[in-house]
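Inside the fold
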Amino acid sequence: MRRVILESPFAGDVERNIAYARHCLRDCLERGAAPIASHLLFTQPGVLNDDEPAERALGIAAGLAWLPVAHAMVVYVDYGESPGMAAAIELAERAGIPVERRSLWAKGAADA
């Protein structure tokens, strides 16, 4: 399976963005990829608090540690690109990791 780092918005409308990211995970799986969505994994209750700068930085660093083994970074753009997503994209590009932008809505999905 292709290992992909999944990027989608998290901050802002967190409830909507979590639901959206779950749809993105499914989309990756249906395409035969093995996605990692660290922003969903590390922000679960009892793991890390995204509102605490040190914990947020730890989660970001842990997610980006997957770059050396990723085949690609998949960026879901239906809700735009956050500053955190833009920073991750820049790191992937500098590391020579292909960045693929996707839209669930372009596939005909209703509002995720």
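Report on the accompanying structure.

Cut-off values and rules
- All residue numbers here refer to positions counted from 1 along the written sequence of the relevant chain.
- For this predicted model, a pLDDT threshold of at least 70 governs which residues receive local features, and a threshold of 80 or more governs which side-chain atom pairs are given and counted, while totals over whole chains, interfaces and linings are taken from all residues.
- The side-chain quantities take in all heavy atoms of the structure and omit both hydrogens and water.
- Numbered from the N terminus, helices here are DSSP runs of H or I no shorter than four residues, and strands are runs of E no shorter than two.
- For this analysis, residues touch if any pair of their heavy atoms sits within 4.5 Å.
- Nonpolar core, defined: a set of buried Ala, Val, Leu, Ile, Met, Phe, Trp, Tyr and Cys residues in which side-chain atoms within 4.5 Å join the residues together.
- Here the term buried applies to any residue with accessible area under 20% of the maximum for its type, exposed to any over 50%, and partly exposed to those in between, with areas from a 1.4 Å probe on protein chains only.
- DSSP-based pairing: two strands are paired if at least 2 bridges between them are found.
- Here the term right-handed applies to a crossover when the path leading from its first strand over the helix to its second strand runs clockwise, the strands being oriented away from the viewer.
- Expected span of a helix: the number of residues minus one, times 1.5 Å.
- An arc is given here, and it is the one of the directions from the helix axis to the C-beta atoms.

Looking now at the environment of Ile36. Checked against the element boundaries, Ile36 lands in strand β2 (residues 33-36). Once you skip the residues sitting within four places of it in the chain, Ile36 turns out to touch Val4, Ile5, Leu6, Leu41 and Trp66.

This brings us to the nonpolar core. By size, the foremost hydrophobic cluster in this structure holds 13 residues, and its most contacted members are Val4, Leu6, Cys24, Cys28 and Tyr76. Taken together, the elements giving at least two residues each to this core come down to β1 (2-7), α1 (14-30) and β3 (72-76). Those residues in contact with Leu6 that sit more than four places away from it in its chain are Ala21, Cys24, Leu25, Cys28, Pro35, Ile36, Ala37, His39, Val74 and Tyr76.

The next point concerns the pairing of strand β4 (residues 99-102). In summary, the side chains of a regular strand alternate between the two faces of the sheet. Sheet analysis places β3 next to β4, joined by four bridges and oriented parallel. From the neighbouring strand, Met73 faces β4, where its bridge partner is Val99. Handedness of the β3-helix α4 (residues 83-94)-β4 crossover: right-handed.

Relative to the 16 Å expected for twelve residues at 1.5 Å per residue, helix α3 (residues 53-64) spans 16 Å between its end C-alpha atoms, a close match to the ideal helical length. Of the positions making up α3, those classed as buried are Gly59, Gly63 and Leu64. Around the axis of α3, the buried residues are gathered within 130 degrees of arc, so they sit on the same side. For α3, the exposed residues set more than 90 degrees away from the buried face come down to Ala54 and Leu58. Those residues of α3 that are buried are in contact with β1, α2 (38-41) and α4.

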